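Per-entry structural report
Single-letter residue listing:
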Amino acid sequence: MSSRSDPLLRVENLKTQFFTDAGTVRAVDGISFEVYEGEIVGLVGESGAGKSVASMSLLRLVDSPGQIVDGEITYKGETIFGLEEGPDGDLHEREDMLTNEEVRTRIRGNEIAVIFQDPMESLNPVFTVGSQLREFIELNRDLSSDEARREAVDMLREVGIPDPAERYEEYPHQFSGGMRQRVLIAMALACEPNLIIADEPTTALDVTVEGQIIDLVDDLQAKYGTSFIWVTHDMGVVAEICDRVNVMYLGEIVEQAPVDELFYDTKHPYTEALLNSMPRPDRTVAELDPIRGVMPEAINPPAGCRFHPRCPDAREACKRIHPENREVARADGQPHRAACIKHDVFGDEYEESVPLEERAQETAASATDGGESEGSGVESRSQSGSESGNTSKAGSQHGGDDRE
Ligand SMILES: Nc1ncnc2c1ncn2[C@@H]1O[C@H](COP(=O)(O)OP(=O)(O)OP(=O)(O)O)[C@@H](O)[C@H]1O
Ligand code: NI
């Protein structure tokens, strides 16, 4: 991995929302992360966590009713997205922000390419695979048609398509799912981008083919030094391919660490739960421990820590303190960040707080007792008026609607 100079891509406090009839969906709610040259950065989390919306936001590909409402996206020092406060006090797009035209012609494809889960959405069924690849190269790379054709065949070979000159003449439906995904990788690589965003590119494939594609990406990454953002819900894939990982939950990054750290020194209970629910060769299916409950809607996230209703470690304080992401450890000179108040850097409110599970049991016990006291509930109420950590608006807006 390259040295930690300037990151290739820097995302700061990115927020993307959908304005729907049912309300505002806070799909991406203040995430920050970096991608350095030559590294594969994972974006992992359950369905609905905001991984795809985050990825699309990076290229300003979010469609109405969606909109990036805050934050900054910088690529090689250029502002893909940025806001500043105007004289009227409102936020405006910054002057140095690239225009739509600039993003489309200079950034997309050439600098940052995208690979999606479903290749059929990106390939046109009525043209041959080769002609589509050739045209793409021709358009983006100032090559003659013949040169582009040669390049296209080379690229097909490069991504492991056997008999590339013959397969060049075939249509997308004549390719298997794995082969089509290889074509998309060829297309993404064709303009020699510095960064490829891959959104669950192997999810629809069977495990063997998935493994082959991952090996291919690993090889190509080593050869071309391309950086990747790899979106997946699968911790196994993360372990295989990523250098650093961002774990997303309900629009937020709750843990951020180099991959080995994430697995062997897990700092966030959600990451822990994801790891425990992952099939592993050393465990039987019966030992799998699915994450309890389902992720709530991004339209009305729980107050406090968004994971607290499902968290085995949750305490009373977790219901009201919305923890931002803080550095809780360092690994090989890199930060290990987590958004969980059980860590010392968040102070001792967690330590002093009553575990939620215990409280529930006590309340149940005192109820059957005839309820002679309010039990530990009293204690929790005396802790009101918190000051720390409440930077989020979520707390006040949705306070208490998740109590029961
Ligand atoms: N066009 C849209 N209109 C309204 N809400 C949307 C739209 N697109 C996405 N969302 C919402 O944004 C949130 C994040 O969705 P996103 O697709 O980013 O999740 P994801 O992590 O990629 O999940 P998956 O693993 O299923 O792909 C979800 O609550 C989703 O319902
Ligand atoms: Ni997605």
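By the naming in an unreviewed UniProt entry, the protein is Nickel import system ATP-binding protein NikD, taken from Natrialba taiwanensis DSM 12281. Its UniProt record, at the heading Subunit (unreviewed entry), says of the protein: "The complex is composed of two ATP-binding proteins (NikD and NikE), two transmembrane proteins (NikB and NikC) and a solute-binding protein (NikA)." Turning to the protein, the UniProt annotation filed under Catalytic activity (unreviewed entry) states: "Ni(2+)(out) + ATP + H2O = Ni(2+)(in) + ADP + phosphate + H(+)".

Residues annotated in UniProt with the feature "domain: ABC transporter" (unreviewed entry) correspond here to residues 9-275. Spanning residues 9-275, this segment combines 39% helix with 29% strand, and its end C-alpha atoms are found 28 Å apart.

Neighbouring ligand 1 are 16 residues; A27, S47, K51, S52 and V53 lie closest to it. Every element with two or more residues in the shell around ligand 1 is listed here: β1 (9-20), β2 (23-35) and α1 (51-58). Considering each element in turn, the shell around ligand 1 owes the most residues, three residues, to α1. Looking at side-chain class alone, the shell around ligand 1 contains seven nonpolar, eight polar and one charged residues.

Here the focus is the domain arrangement of the protein. For the protein, the assigned domains are domain 1 (1-111 + 195-202 + 224-290), domain 2 (118-193) and domain 3 (302-331 + 348-398). Relative placement of domain 1 and domain 2: their C-alpha centres are 27 Å apart. Contact residues are listed per partner, giving eight residues for domain 1 and six residues for domain 2. Partitioned by chemical class, the residues of the side of domain 1 that touches domain 2 number four nonpolar, three polar and one charged.

Attention now moves to the sheet that holds strand β4 (residues 66-75). The four strands are arranged β2-β1-β4-β5 in an open sheet whose pairing can be described as antiparallel. In this open sheet, the two edge strands, each paired with only one partner strand, are β2 and β5 (78-81). On average, each strand axis in the sheet is tilted by 10 degrees relative to the strand beside it, whichever way the strands run. In this structure, β4 lies alongside β5, joined through three bridges in antiparallel fashion. Bridge assignment links I73 to a residue of β5, and that residue is F81.

Within the element layout of this structure, T226 appears in the loop between α8 (207-224) and β10 (227-232). If we ignore the near neighbours within four places in the chain, the residues touching T226 are P193, N194, I196, L220 and Q221.

Two strands pair when backbone bridges link them, and strand β13 (residues 326-331) and strand β14 (residues 334-338) are joined in this way by five bridges, in the antiparallel orientation. Residue pairing for β14: R330 is matched across the bridge by P335.

Let us look at the packing of helix α5 (residues 145-158) against helix α7 (residues 177-190). At their nearest, the axes of α5 and α7 sit 9 Å apart, and the two run at 125 degrees to each other. Between α5 and α7, the crossing angle belongs to the class labelled oblique. Judged by the sense of rotation from one axis to the other, the crossing of α5 with α7 is right-handed. Residues M155, L156 and E158 of α5 pack against A186, L189 and A190 of α7. Classifying every residue of the contact of α5 with α7 by side-chain character gives five nonpolar, no polar and one charged.

Let's shift gears to helix α4 (residues 129-141). Taking 1.5 Å per residue, 13 residues should reach 18 Å; α4 reaches 18 Å between its end C-alpha atoms and fits that length. Lining the buried residues of α4 we find α5, α6 (164-167) and α7. Phi turns positive, to about 55 degrees, at D142, one or two residues after α4.

The next subject is the packing of α4 against α7. For the pair α4 and α7, interaxial distance at closest approach is 9 Å and the crossing angle is 15 degrees. Taken together, α4 and α7 sit at an angle that is classed as roughly parallel. Crossing handedness for the pair α4 and α7: right-handed. Every residue of α7 that contacts α4 at V129, L133, F136 and I137 is listed here: V183, A186, M187 and A190. Of the residues that constitute the contact of α4 with α7, the class distribution is eight nonpolar, no polar and no charged.

Cut-offs applied
Residues numbered from 1 in each chain as written. Chains lettered and ligands numbered in written order. Predicted model: local features only at pLDDT ≥ 70, side-chain atom pairs only at ≥ 80, totals over all residues. UniProt positions renumbered as here; feature names shortened; annotations may be inferred. Helix = DSSP H or I, 4+ residues; strand = E, 2+ residues; numbered from the N terminus. Near = placed C-beta within 6 Å. Nonpolar A, V, L, I, M, F, W, Y, C, P; charged D, E, K, R; others polar. Domains from an automatic or database assignment. Contact = placed C-beta atoms within 7 Å. Pairing = 2+ DSSP bridges. Axes fitted to C-alpha atoms, helices over the stretch in contact; angles between N-to-C directions. Parallel < 35°, antiparallel > 145°, perpendicular 65-115°, else oblique. Left-handed = near helix turned anticlockwise from the far one by under 90°. Expected span 1.5 Å × (residues − 1).

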